[in-house]
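What follows is the residue order along each chain.
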Amino acid sequence: MEQTQAPWPGRDELAITSVRAIVTAPEGIPLVVVRVDTTEPGLYGLGCATFTQRFHAVAATVDRHVAPMLIGRHPADIEDINRLVHLSSYWRNGPVLNNALSGVDQALWDIAGKRAGMPVYELLGGRVRAAADTYLHAAGATVSETLDDAQRLLATGLRHVRLQTGGPGLGTYGAPGTAGGYPTAPYPDGWDVHRYLATTPRLFERAREVLGDEVELLHDVHSRLTPKQAVVLARALEPYRLFFLEDVVAPEHYDRLPSIREQSPVPIAVGEQLSSVTDAARFVQTHAVDLLRVHVSTVGGLSACRKLVALCEFTGVRTAWHGPGDVSPVGVAANIALDVTTSAFGIQEGHVYNDATREVFPGTPVAVNGYLYPSDEPGWGVDLDETQAAKYEPETGLHERWAARVRRPDGGLESP
């Protein structure tokens, strides 16, 4: 590739020699990681670029559009490179470009830490806490199954747990549903919003009876309610003191979030579907959320989110970064670095990776008694074994097939 000249001379001759995307799916979920190599042998960085539903597009953007701009650049110019990639396509933002940007951005921070011989969190000013408190997801086809799962998780040392229960139809989010739940409806496998609004408060009423008052309870609506329905659900859940209620409305209704939050007696957490750091900043500035749940790679990476963190610190908003199985272990390391370096930290979503993922990603963070600790190794402390990664080729179209079945009983498409 043709080398790109920096607008100013570097302090030394170190330069980027290659930028490429690596896609692997050791749990069946496509993960995208960007590797940035340099002229110094053995000095490279890794960054999370996972947009699991459009991983081919992100990988092509990295390899064909972003990489040629960066060859020959000094890897220390993180801010300038970040802005260069952001402005390069003229039409800015969007999850594809921003995940490509995030992969590069996080990889450059990894290189910076390795050059300094320091973990990334020290480059951000050092820790204000030892570790990040986490939550995991409890689910079941019935309330009893969900609470049994929650008790299993709490026995591992967790203090926070998200509860999701299934029901008739296959559209239940985060829990198993029952096929043919509405046999006389045009779409028998549908999801019924009215049933959901009636049964969810019963789940949490029973949860308090079984789990007690000490555990923190969370719930994810997954963007399926109207603004008015969101307020109705939030008020119905008030007696059960949720830690937060997540993604109550679809992105098309985000302009209503300040009003919903004002009327809600429980904290509102939203943000994982944002694909612009400026949109996320507006969430904070307009009092739209209590907890900001950004998918770090979708808004442009560590550089973008450390600015959001500063804004949250000044406004009383807390962070709750998106962190399920469609965030790579490299992305988890970036989440933890943000978590432990800010007073705005609220909670960190967690995921228990399988053995195959830990083989692909040596150094994968593992929670201890519900806490995620940052690595003290230089950079992220997470590596990528490309030989192992190549064993797990992702399947195209898996999410699209799953999403298409999420309909209401009348056949209308619903948010997956």
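Note: the structure precedes this text.
Just so it is clear, the structure is predicted and the values come from calculations on it, not from any experiment. (Residues numbered from 1 in each chain as written. Predicted model: local features only at pLDDT ≥ 70, side-chain atom pairs only at ≥ 80, totals over all residues. Heavy atoms only, no water.)

## Digging into the packing of aromatic side chains
Point 1. Taken as a whole, this structure holds five aromatic pairs when the rule is applied.
Point 2. On the basis of an interplanar angle of 85° and a centroid distance of 5.8 Å, the ring pair of Tyr135 and Phe244 is categorised as edge-to-face. Of this pair, Tyr135 sits in strand S4 (residues 132–140) while Phe244 sits in strand S7 (residues 244–246); the two residues are 109 residues apart in sequence, bridging distant segments of the chain. An identical accessibility class is assigned to Tyr135 and Phe244; each is buried.
Point 3. Between Phe243 and Phe244, the aromatic rings sit 6.0 Å apart at their centres with planes inclined by 50°, giving tilted as the arrangement.
Point 4. In this structure an aromatic cluster arises from ring pairing among Tyr135, Phe243 and Phe244.
Point 5. The ring centre of Tyr44 lies 3.7 Å from the NZ or CZ of Arg35, which sits over that ring.
Point 6. Between the NZ or CZ atom of Lys114 and the centre of the ring of Tyr44, over which it lies, the distance is 4.3 Å. (Phe/Tyr/Trp six-rings, centres within 6.5 Å; stacked < 30°, edge-to-face > 60°. Helix = DSSP H or I, 4+ residues; strand = E, 2+ residues; numbered from the N terminus. Buried < 20%, exposed > 50% of the residue type's maximum accessible area, 1.4 Å probe, protein only. Lys NZ or Arg CZ within 6 Å of the ring centre and 35° of its normal.)

## Observations concerning the pairing of S4
Point 1. The element S4 is extensively covered by neighbouring structure, given that seven of its nine residues are classed as buried.
Point 2. As defined by bridge partners, S4 adjoins strand S12 (residues 371–372) across two bridges and the pair is classed as antiparallel. Within the sheet, the bridge partner assigned to Asp133 lies in S12 and is Tyr371.
Point 3. Both S4 and strand S11 (residues 348–349) contribute to a ladder of two bridges, which runs parallel. Note on S11: the bridge partner recorded for Tyr135 is Glu349.
Point 4. Pairing analysis gives six bridges linking S4 to strand S5 (residues 160–165), with the strands arranged parallel. Within S5, the position partnered with Ala138 by the bridge is Leu163. (Pairing = 2+ DSSP bridges.)

## Focus on the packing of helix H1 (residues 55–70) against helix H2 (residues 78–88)
Point 1. Packing of H1 against H2 leaves a shortest axis separation of 11 Å and a crossing angle of 140°. Between H1 and H2, the interaxial angle falls into the category oblique. Like other packed secondary-structure pairs, H1 and H2 cross with a definite hand, here right-handed. Along its contact with H1, which presents Val66, Met69 and Leu70, the element H2 presents Ile81, Leu84, Val85 and Ser88.
Point 2. Along the lines of polarity and charge, the residues of the contact of H1 with H2 split into six nonpolar, one polar and no charged. (Axes fitted to C-alpha atoms, helices over the stretch in contact; angles between N-to-C directions. Parallel < 35°, antiparallel > 145°, perpendicular 65-115°, else oblique. Left-handed = near helix turned anticlockwise from the far one by under 90°. Contact = heavy atoms within 4.5 Å. Nonpolar A, V, L, I, M, F, W, Y, C, P; charged D, E, K, R; others polar.)

## Brief notes about the pattern of salt bridges
Where side chains of opposite charge bring their charged atoms close, a pairing between them can arise.
Point 1. Considering all chains together, one arrives at 21 salt bridges under this definition.
Point 2. A salt bridge links Arg306 to Glu79, with the nearest nitrogen and oxygen atoms 3.4 Å apart. Here Arg306, found in helix H10 (residues 302–315), pairs with Glu79, found in helix H2; they are 227 residues apart in sequence, far enough to count as distant.
Point 3. Judged by its relative accessible area of 34%, Arg306 falls in the partly exposed class.
Point 4. The partly exposed category is assigned to Glu79, whose relative accessible area is 35%.
Point 5. Notably, a salt bridge pairs Asp220 with Arg162, separated by 3.4 Å at the nearest N-O pair. Pair noted here: Asp220 is in strand S6 (residues 216–220) and Arg162 is in strand S5, with a separation of 58 residues, a long-range link. With respect to burial, Asp220 and Arg162 carry one shared label: buried.
Point 6. Bridged by salt links that share partners, the residues Arg20, Arg35, Asp37 and Glu386 form one connected network. (Salt bridge = Lys/Arg side-chain N within 4 Å of Asp/Glu carboxyl O.)

## Comments concerning the sheet that holds strand S2 (residues 31–38)
Within a sheet, adjacent strands bond to each other through the backbone by hydrogen bonds, running parallel or antiparallel.
Point 1. Overall, antiparallel pairing links the three strands, which are arranged S1-S2-S3 in an open sheet. With one partner strand each, in any of the chains shown, strand S1 (16–24) and strand S3 (44–48) form the two edges of the open sheet. Across the sheet, the mean angle from the axis of one strand to that of its neighbour is 20°, orientation sign disregarded.
Point 2. Relative to S3, S2 runs antiparallel, the two being bridged by five bridges. Of the residues in S3, the one forming a bridge with Val33 is Cys48.
Point 3. Sheet strands in contact with helix H3 (residues 95–116) are S1, S2 and S3, and its direction is about 140° off that of S3.

## As for the pairing of S5
Point 1. Counting buried positions along S5 gives six out of six residues, so the element sits mostly inside the fold.
Point 2. The side-chain alternation of S5 yields two buried faces, one formed by His160, Arg162 and Gln164 and the other by Val161, Leu163 and Thr165.
Point 3. The parallel pair S4 and S5 is bridged by helix H5 (residues 143–154), and the resulting crossover is right-handed.
Point 4. Alignment of S5 against S6, held across three bridges, turns out to be parallel. Note on S6: the bridge partner recorded for Val161 is Leu217.
Point 5. Read from S5 through helix H6 (residues 193–211) to S6, the crossover connection turns out right-handed. (Right-handed = clockwise from strand over helix to strand, strands pointing away.)

## A few points about the environment of Val231
Point 1. Checked against the element boundaries, Val231 lands in helix H7 (residues 227–236).
Point 2. Separated by 31 residues in the primary sequence, Val231 and Glu262 place their C-alpha atoms 9.5 Å from one another.
Point 3. If near-sequence neighbours (up to four positions away) are discounted, Val231 is found in contact with Ile260 and Gln263.

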